[in-house]
Amino acid sequence: MKVISVEGLSFRYRRAKDYSLRDVSFEVKKGEMLGIIGPSGSGKSTLCLTLNGIIPNSIKGDFEGDVIIRDPRTGEEHSTRETPVPHLSTVVGLVLQNPESQLFNMTVEEEIAFGLENLGLDRNEILRRLRWVLEVTGLKGLEKEFPPNLSGGQQQRLAIAAVLAMEPSIIVLDEPTSQLDPVGKKEVLGLISLLNREHGITVVLVEHHTDYVLRYADRVLVMDGGRIILEGRPEEIAEEAETLKGLGVKLPASLEVSHELRKRGLLDRPALTPEELLSRLARPSR
Ligand SMILES: Nc1ncnc2c1ncn2[C@@H]1O[C@H](COP(=O)(O)OP(=O)(O)O)[C@@H](O)[C@H]1O
Ligand SMILES: [Mg+2]
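Residues numbered from 1 in each chain as written. Chains lettered and ligands numbered in written order. Predicted model: local features only at pLDDT ≥ 70, side-chain atom pairs only at ≥ 80, totals over all residues. Heavy atoms only, no water.

## Concerning the packing of aromatic side chains
- Under the definition given, this model contains 4 aromatic pairs.
- Note on Phe11 and Phe63: the rings are 6.4 Å apart at their centroids and 65° apart in plane angle, and the pair reads as edge-to-face. Of the two residues, Phe11 is situated in strand E1 (residues 2-13) and Phe63 in strand E4 (residues 61-70); the sequence distance between them amounts to 52 residues. Like Phe11, the residue Phe63 is buried in the burial classification.
- Taking 4.6 Å as the distance between ring centres and 40° as the angle between the ring planes, the aromatic pair formed by Tyr212 and Tyr216 counts as tilted. Separated by 4 residues within a single helix, Tyr212 and Tyr216 lie in helix H8 (residues 210-216), roughly one turn from each other.
- The exposure class assigned to Tyr216 is partly exposed, which follows from its relative accessible area of 28%.
- Grouping aromatic residues by their ring pairs yields a cluster made of Phe11, Tyr13 and Phe63. (Phe/Tyr/Trp six-rings, centres within 6.5 Å; stacked < 30°, edge-to-face > 60°. Helix = DSSP H or I, 4+ residues; strand = E, 2+ residues; numbered from the N terminus. Buried < 20%, exposed > 50% of the residue type's maximum accessible area, 1.4 Å probe, protein only.)

## Observations concerning the nonpolar core
- Grouped together as the largest cluster of nonpolar side chains are 35 residues, with contacts concentrated most on Ile112, Ile160, Ile171, Leu173, Ile192 and Leu195.
- When residues of this core are traced back to their parent elements, those giving at least two are helix H4 (108-119), helix H5 (123-136), helix H6 (152-164), strand E7 (170-174), helix H7 (182-199) and strand E8 (202-206).
- In terms of residue count, the dominant contributor to this core is H6 (6 residues).
- In contact with Ile160, not counting residues within four places along its chain, are Val95, Leu173, Val188, Leu191 and Leu195.
- Of all hydrophobic cores here, the second largest spans 29 residues; its members include Ile4, Phe11, Val24 and Val92. (Core = buried A, V, L, I, M, F, W, Y, C linked by side-chain atoms within 4.5 Å. Contact = heavy atoms within 4.5 Å.)

## What about the site of ligand 1?
- Residues in close proximity to ligand 1 include Tyr13, Ser20, Pro39, Ser40, Gly41, Ser42, Gly43, Lys44, Ser45 and Thr46, which together make up its full environment.
- Contact distances for ligand 1 include 2.7 Å between an oxygen atom and a side-chain N or O atom of Ser20.
- Within the side chain of Ser45, one N or O atom sits 2.8 Å away from an oxygen atom of ligand 1.
- Expressed as a share of its isolated accessible area of 560 Å², the protein-covered part of ligand 1 is 57%.
- Of the residues assigned to the shell around ligand 1, the class counts are 2 nonpolar, 7 polar and 1 charged. (Near = heavy atom within 4 Å. Polar contact = N/O pair within 3.5 Å; in protein donor to acceptor, adjacent residues only side chain to side chain. Areas by Shrake-Rupley, 256 points an atom, 1.4 Å probe, with all protein chains shown as cover. Nonpolar A, V, L, I, M, F, W, Y, C, P; charged D, E, K, R; others polar.)

Spelled out as structure tokens, the structure:
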């Protein structure tokens, strides 16, 4: 079942000279993890903002094409042009790059409950969801903490918890680990995998860490200049090392090494992870 259909989407911000998205079309299936990579300024964040309707409902401009979100629980289809953002946010949750910018309550639990109170849910339902998200995101025990006192990884997990509490079936994350130290990155990427694999949440992940995207995503889009220039499974994208390098996308070390070995005829196809590279080099047939 398709949960996101983007068709012929173009967008130009108000007063901008150029379009930031140009004739973008793709689909996302229920339960999939879609990775999006591309150089800075290629339109990744703009695309994220179109998926929960912030563009064109709150940020206006020239908008062409359609973004259709299907709620797998009800089967209802929503065109983002016609659906208010608060309604869409119960189907598509959006997590931004910078955790501090999304946190504004005095305690962890108030931060999570905030959106739920706005939904008008009753107290028992709020408590049920609060307990669940604290558990999944590993924030149990920190309910009364002041969010700015948390580590970067905890703050980003809290931002994810607040989005999860709305029980969206799709989560869109825009470079959620870019402000984090290596421990925080690991915590957040681990949580995203868990949500996708164990909880069946559909994930759209814009991520600077190409190695993570190639390792975990089911499918990858590569953007440049507001367009999708490549789309495929991680193994297919890995074949395009030269194109990715040309765009200035940082390749994972295993791919960089594979690329050099292939040029020398020492490897037949790229290795997506260091483990795969080592095990293939250890065997006579590569
Ligand atoms: N609010 C805005 N107003 C005008 N132009 C913008 C705005 N936000 C982004 N852009 C432009 O849109 C293009 C794509 O930006 P963005 O979606 O942020 O790319 P990415 O996330 O891939 O770095 C860039 O040329 C950027 O300058
Ligand atoms: Mg961006």
